[in-house]
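Structural characterization, general
So the chains spell out like this:
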Amino acid sequence: MNILFVIPTLQQGGAERVMSELANEFVNQQGITVHLVLLADSKDFYQINKKVIVHRLGFKNTGKIRKLKSEISTFFKLRNLLKKQKPTAVLSFMEKYNVFTLLASSFLGLKIFVSDRSNPRTLPPFHIYLLRKFTYKNAAGVIAQTSLAKEQLWKQTKNNNIKIIPNPLRNVILFPEVPKEKLIINVGRLVPEKGQKYLLEAFSLLNAPEWKLVILGDGPLLQSLIFQAKKLNILDRLIMPGAVKNVDEWLARSSIFAFSSISEGFPNALIEAMAAGLPCVSFDCDAGPRDIIENGRNGFLVPNADAILLAKKLDEIINNPGIGDHASNIAVNVRTLFSKNKISKDVFNFITNHEITQKTHNS
């Protein structure tokens, strides 16, 4: 069996991490040959098993004319590669490159599967939106990360073979010897969609002066968040060390995870915190958290962007740690539900047996 993956690069990012993990998992299965096609010229961040056959097509974005020539060259390199390899199945990630792959495989009789990796309510550029609408109909199947993504994709493409397969969980390192501190933690880029401004507001409303708030991440909103913390008189209880490599140690030290995103594709940071055994409170944003958290059972959902209700729920967990402990004891089941082994099997079964697994949108 010959499986071929397509993605622009292996630079640092969520889609790139998932693609690299799928390739590394697939190649360890007996009788499977895995090809990984990297469309663009770039340095790799993620490591790939040496058994994976990597094809670097060398697209370069250098000026309008050269870029166009490079796009045309890359298009035919991909098409010729598909003709030569005749893969059992092809899986492509990210809207623009999914369209590119579907067009390059036209009339070759191949089974092309695609997966969008962004917020389903965020529309791509208009020309990509139109091309996606027409090309996705010809895809053998589409992988959606969440229920909302499936709903939106069906409305936009009318492809009847859409399956929800979430991201695999990375290996979260546990530190059982690390004592818990009175820390509420958030992990995410400092950008508007991550909603840290609402978290700062909620933290300022807590009746818990001995608690501190940790925000791990960097981004363009750093100075505005610091300014907001000063205005709210909580700067002395705010810890912002930037983008750190020892996230898991911070999770081990912390007692509550607050997920403040107001817009998401798939919330990796949330399942990582659940896997670390933290009680998690999340905004019920447009996609992601409601597919993972059963409110009151393995975590807590509050209305999107509502800082007051977020504060109330955080106060409740601080004052009644038993409810947080109960939720976190169930939350750790994400280690199994989103394991790399399970998710890779789900993807493998979908793209290699799509006639068997094919379902309509309503089933």
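We now turn to the structure provided with this report. (Residues numbered from 1 in each chain as written. Predicted model: local features only at pLDDT ≥ 70, side-chain atom pairs only at ≥ 80, totals over all residues. Heavy atoms only, no water.)

Glancing now at helix 11 (residues 307–319). With 13 residues, helix 11 should cover 18 Å at 1.5 Å per step; its first-to-last C-alpha distance of 18 Å lies within 8% of that length. When helix 11 is considered as a whole, its buried residues turn out to be A307, L310, A311, K313, L314, D315, I317 and I318. On its buried face, helix 11 sits against strand 8 (183–187), helix 6 (196–204), strand 11 (256–259), strand 12 (280–284), strand 13 (300–303) and helix 12 (321–331). Measuring from the backbone nitrogen of I308 back to the side-chain oxygen at the start of helix 11 gives 3.2 Å, which picks out D306 as the cap. (Helix = DSSP H or I, 4+ residues; strand = E, 2+ residues; numbered from the N terminus. Expected span 1.5 Å × (residues − 1). Buried < 20%, exposed > 50% of the residue type's maximum accessible area, 1.4 Å probe, protein only. Contact = heavy atoms within 4.5 Å. Polar contact = N/O pair within 3.5 Å; in protein donor to acceptor, adjacent residues only side chain to side chain.)

Moving on, we get to the sheet that holds strand 7 (residues 162–164). Taking strand neighbours across the sheet as the criterion, the seven strands line up as 3-2-1-4-5-6-7 in an open arrangement whose pairing is parallel. Sheet topology places strand 3 (53–59) and strand 7 at the edges, where each strand pairs with a single neighbour. For this sheet the average axis-to-axis angle between neighbouring strands, irrespective of direction, equals 20°. With four bridges connecting them, strand 1 (residues 2–7) and strand 4 (residues 89–93) associate as parallel partners. Residue pairing across strands places I3 opposite A89, the latter belonging to strand 4. (Pairing = 2+ DSSP bridges. Axes fitted to C-alpha atoms, helices over the stretch in contact; angles between N-to-C directions.)

Our next topic: the nonpolar core. Judged by nonpolar contacts, the single largest core of 29 residues is most densely connected at I184, L206, L213, L310 and L314. Elements represented by at least two residues in this core include exactly helix 6, strand 9 (212–216), helix 7 (222–231), strand 11, strand 12, strand 13 and helix 11. Of the residues forming this core, the biggest block, six residues, is contributed by helix 11. Beyond its immediate stretch of four places on either side in the chain, L314 contacts I184, L206, I256, A258 and V281. (Core = buried A, V, L, I, M, F, W, Y, C linked by side-chain atoms within 4.5 Å.)

Here L216 lies in strand 9. The buried category is assigned to L216, whose relative accessible area is 3%.

The buried count for helix 9 (residues 268–275) comes to eight of eight residues, which makes it a mostly enclosed element. Among all positions in helix 9, only N268, A269, L270, I271, E272, A273, M274 and A275 are buried. G277 occupies a position one or two residues after helix 9 and carries a positive phi of about 90°.

Our next topic: a nonpolar patch on the surface. Residues L68, I72 and F76 make up a contiguous nonpolar surface patch of about 300 Å² in total accessible area. Residue position: I72 is located in helix 2 (residues 64–85). Here I72 falls in the partly exposed class, since its relative accessible area comes to 43%. (Patch = residues over 30% accessible without salt bridge, like charges linked within 9 Å, V, L, I, M, F, W, Y side chains within 5 Å. Areas by Shrake-Rupley, 256 points an atom, 1.4 Å probe, with all protein chains shown as cover. Salt bridge = Lys/Arg side-chain N within 4 Å of Asp/Glu carboxyl O.)

Pairing is parallel in the open sheet, where six strands are placed in the order 10-9-8-11-12-13. Both outer strands of the open sheet, strand 10 (238–242) and strand 13, are each paired with one neighbouring strand and no more. Between one strand axis and the next, the sheet turns by 25° as a mean value, whatever way the strands run. Relative to strand 10, strand 9 runs parallel, the two being bridged by three bridges. Counted as the bridge partner of L213 is L238 from strand 10.

Turning our eyes to something else, we now look at the packing of aromatic side chains. Here the structure, examined in full by the defined rule, presents nine aromatic pairs. Both rings, one in F75 and one in F76, keep their centres 5.3 Å apart while their planes meet at 85°; by these two values the pair is edge-to-face. The ring of F93 carries the charged tip of R117 above its face, separated from the ring centre by 4.2 Å. For the cation-ring pair, R132 lies above Y136, with the distance from its terminal atom to the ring centre recorded as 5.9 Å. (Phe/Tyr/Trp six-rings, centres within 6.5 Å; stacked < 30°, edge-to-face > 60°. Lys NZ or Arg CZ within 6 Å of the ring centre and 35° of its normal.)

On to the pairing of strand 1. Buried residues dominate strand 1, accounting for six of its six residues. The side-chain alternation of strand 1 yields two buried faces, one formed by N2, L4 and V6 and the other by I3, F5 and I7. The pairing of strand 1 with strand 2 (residues 33–40) spans six bridges and is parallel. Residue pairing across strands places V6 opposite V37, the latter belonging to strand 2. Following the chain from strand 1 across helix 1 (residues 14–26) to the adjacent parallel strand 2, one finds a crossover that is right-handed. (Right-handed = clockwise from strand over helix to strand, strands pointing away.)

Considering the arrangement of structural elements, one finds F350 in helix 14 (residues 340–352). For F350, a relative accessible area of 1% puts it in the buried group. Along the primary structure F350 and G141 are separated by 209 residues, whereas in three dimensions their C-alpha atoms are 8.1 Å apart.

Interpretation in functional terms is not warranted from these geometric data alone.
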